[in-house]
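Architecture and fold: a report
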There are 2 protein chains.
Amino acid sequence: MRDQVRILEVKKTILEDNDADAAVLKEHLKEEGTFYINVMSSPGAGKTSTLLKVTGILQEDLKVGVMEADIDSDVDAVTMEEHGIPSVQLHTCGMCHLDADMSRQGLRLIGSQNFDVIFLENVGNLVCPAEFDTGAHMNLVILSVPEGDDKPLKYPLMFEKADAVVINKIDAAPAFDFSLDRVQKHIHARHAGIPIFPVSARTGEGIEALAEFIFREYISYEGGCGK
Amino acid sequence: MRDQVRILEVKKTILEDNDADAAVLKEHLKEEGTFYINVMSSPGAGKTSTLLKVTGILQEDLKVGVMEADIDSDVDAVTMEEHGIPSVQLHTCGMCHLDADMSRQGLRLIGSQNFDVIFLENVGNLVCPAEFDTGAHMNLVILSVPEGDDKPLKYPLMFEKADAVVINKIDAAPAFDFSLDRVQKHIHARHAGIPIFPVSARTGEGIEALAEFIFREYISYEGGCGK
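The rules we used
Residues numbered from 1 in each chain as written. Chains lettered and ligands numbered in written order. Predicted model: local features only at pLDDT ≥ 70, side-chain atom pairs only at ≥ 80, totals over all residues. Heavy atoms only, no water. Salt bridge = Lys/Arg side-chain N within 4 Å of Asp/Glu carboxyl O. Helix = DSSP H or I, 4+ residues; strand = E, 2+ residues; numbered from the N terminus. Least-squares fit on C-alpha atoms with pLDDT ≥ 70 in both. Contact = heavy atoms within 4.5 Å. Axes fitted to C-alpha atoms, helices over the stretch in contact; angles between N-to-C directions. Parallel < 35°, antiparallel > 145°, perpendicular 65-115°, else oblique. Left-handed = near helix turned anticlockwise from the far one by under 90°. Nonpolar A, V, L, I, M, F, W, Y, C, P; charged D, E, K, R; others polar. Buried area = accessible area lost by both parts, 1.4 Å probe. Polar contact = N/O pair within 3.5 Å; in protein donor to acceptor, adjacent residues only side chain to side chain. Phe/Tyr/Trp six-rings, centres within 6.5 Å; stacked < 30°, edge-to-face > 60°. Buried < 20%, exposed > 50% of the residue type's maximum accessible area, 1.4 Å probe, protein only.

Moving on, we get to the pattern of salt bridges. Between side chains of opposite charge, a pair can form when the charged atoms approach closely. Residues and elements named next belong to chain A. As enumerated under the stated definition, the model contains 16 salt bridges over all chains in all. Two residues, Arg-104 and Asp-101, come together in a salt bridge whose shortest N-O distance is 3.5 Å. Placement of the pair is Arg-104 and Asp-101 together in helix 4 (residues 100–110), with a separation of three residues, close to one helical turn. Between Asp-150 and Lys-151 there is a salt bridge, with the nearest N and O atoms lying 2.6 Å from each other.

Between chain A and chain B, the superposition needs a rotation of 180° and an axial shift of 0.0 Å, giving an RMSD of 0.0 Å. Here the two chains are linked by the operation of a two-fold rotation axis. A shared binding surface is used by both copies, with 100% of the interface residues of chain A retained as interface residues in chain B.

What follows concerns the packing of helix 2 (residues 47–58) of chain A against helix 8 (residues 207–222) of chain A. All names here are of chain A. Contact geometry for helix 2 and helix 8: axes closest at 9 Å, N-to-C directions at 60°. Comparing their axes, helix 8 and helix 2 come out oblique. At the point where helix 2 passes helix 8, the crossing takes the right-handed sense. Of the residues in helix 8, those in contact with Thr-50, Lys-53, Val-54, Ile-57 and Leu-58 of helix 2 are Ile-207, Glu-208, Leu-210, Ala-211, Ile-214 and Phe-215. For the contact of helix 2 with helix 8, a count of residues per class yields eight nonpolar, one polar and two charged.

Attention now goes to the interface of chain A and chain B. Between chain A and chain B, the residue contacts involve 60 residues of the former and 61 residues of the latter. Interface of chain A and chain B: buried area, both sides summed, is about 5,300 Å²; carbon and sulfur atoms make up 61% of it. As a salt-bridge pair, Asp76(B) and Lys154(A) come within 2.7 Å of each other at their nearest N and O atoms. On inspection of chain A and its partner chain B, the count reaches six residue pairs in polar contact (both at pLDDT 80 or more). Those elements that provide at least two residues to the side of chain A that touches chain B are strand 1 (6–9), helix 3 (75–82), strand 4 (87–91), helix 4 and helix 5 (151–154) of chain A. Partitioned by chemical class, the residues of the side of chain A that touches chain B number 29 nonpolar, 13 polar and 18 charged.

All names here are of chain A. Evaluation of the coordinates by the stated rule reveals seven aromatic pairs over all chains. Ring geometry for Phe-197 and Phe-213: centres 4.9 Å apart, planes at 40°, overall tilted. Residue Phe-197 is located in strand 8 (residues 196–198), and its partner Phe-213 is located in helix 8; the two are separated by 16 residues in the primary sequence. Phe-197 sits in the buried class, given a relative accessible area of 12%. By relative accessible area, which is 8% here, Phe-213 ends up buried. Connected via pairs of aromatic rings, a cluster forms that spans Phe-35, Tyr-218 and Tyr-221.

Set out below in structure tokens:
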């Protein structure tokens, strides 16, 4: 059947390269001692709720801030502030991703030098954010159970760029035809060996392990301890 | 709390306008008598499974074809062909949306003149596809229950551009904090009065009503009957 499907390769337009800019930002943050984590997912995969739980744990030892990127609304930054997590809202005004320059503007606004760890909640989108280096030291991708275990096949670049993958909403697994084995196989086919964290931001399952992983990565980045 | 959130307006880059091109394509399809429907959603909201069910019903009276757009894989076109639905796969090679020219190339490949209705399954993305007119006569947006009922607030353009919204996976509603009333209110705040179809592509609930709606829109577009 596969041989019979006709395929058209639509020509890719050239995307501006912001890699050099991202490298400068990364270095600047290193000098500040700020560990910068870019969180990406589809809309509704649970970026905000996962970050709320994880920052709650990390805040015990580290100064943590969150930059919420959204096309228009400010509901996520409001949620963060309500939970006592320092936050700024970045409006992309219709744009589907953040690049290094946009993230630099956000980091200035929040005052990155005052934090050990800054999370960027990128625009909900499994495509475009993968193409633009934000200058982050770690790319965290969240995939949720209801989206289906075939998504690493369909959004390959996102999983190639990821440094770790969170599988969220595992409490809802019984309602969906989702196999953890299958998704792990698909993720590792795209990016061999990267860590995968099954969690439920709703019940809290798996969150502790994810927070520990981020803490260890911060320590290893920093070669020391918090500010 | 809302007053305390700092907001940064990141400057929007200029997107190429392909509206004129889309208008020409739309007119060309009208001359052919082909009704062209652009289906958009987040990754994993259920575009393919909803289309499988809906085309199964529409095929009883109409010649229906499906163009599957994907960044890389061909799993969806294979699925369609396996179910006896004429289909082509469009590879966007990393691009996050289709524009009018890309959809024209796909329509040539599938041979749009031989069909009454052509569905385009756009790239799974709630942001970029809303900005590019594909030349379609109807924009159908699918939102799924697990994504959350706040999504019309966060992806406003997609719901403004929609001519109808499908709420999929309603069979999973008990497992999620999702209110049909709330989502309808949010959708209608973005786009007053547009039709909303709660369905489950898995159980088939609501699919008949959606197919009837599309059939009526086709008849009204055509001012007549099938080829």
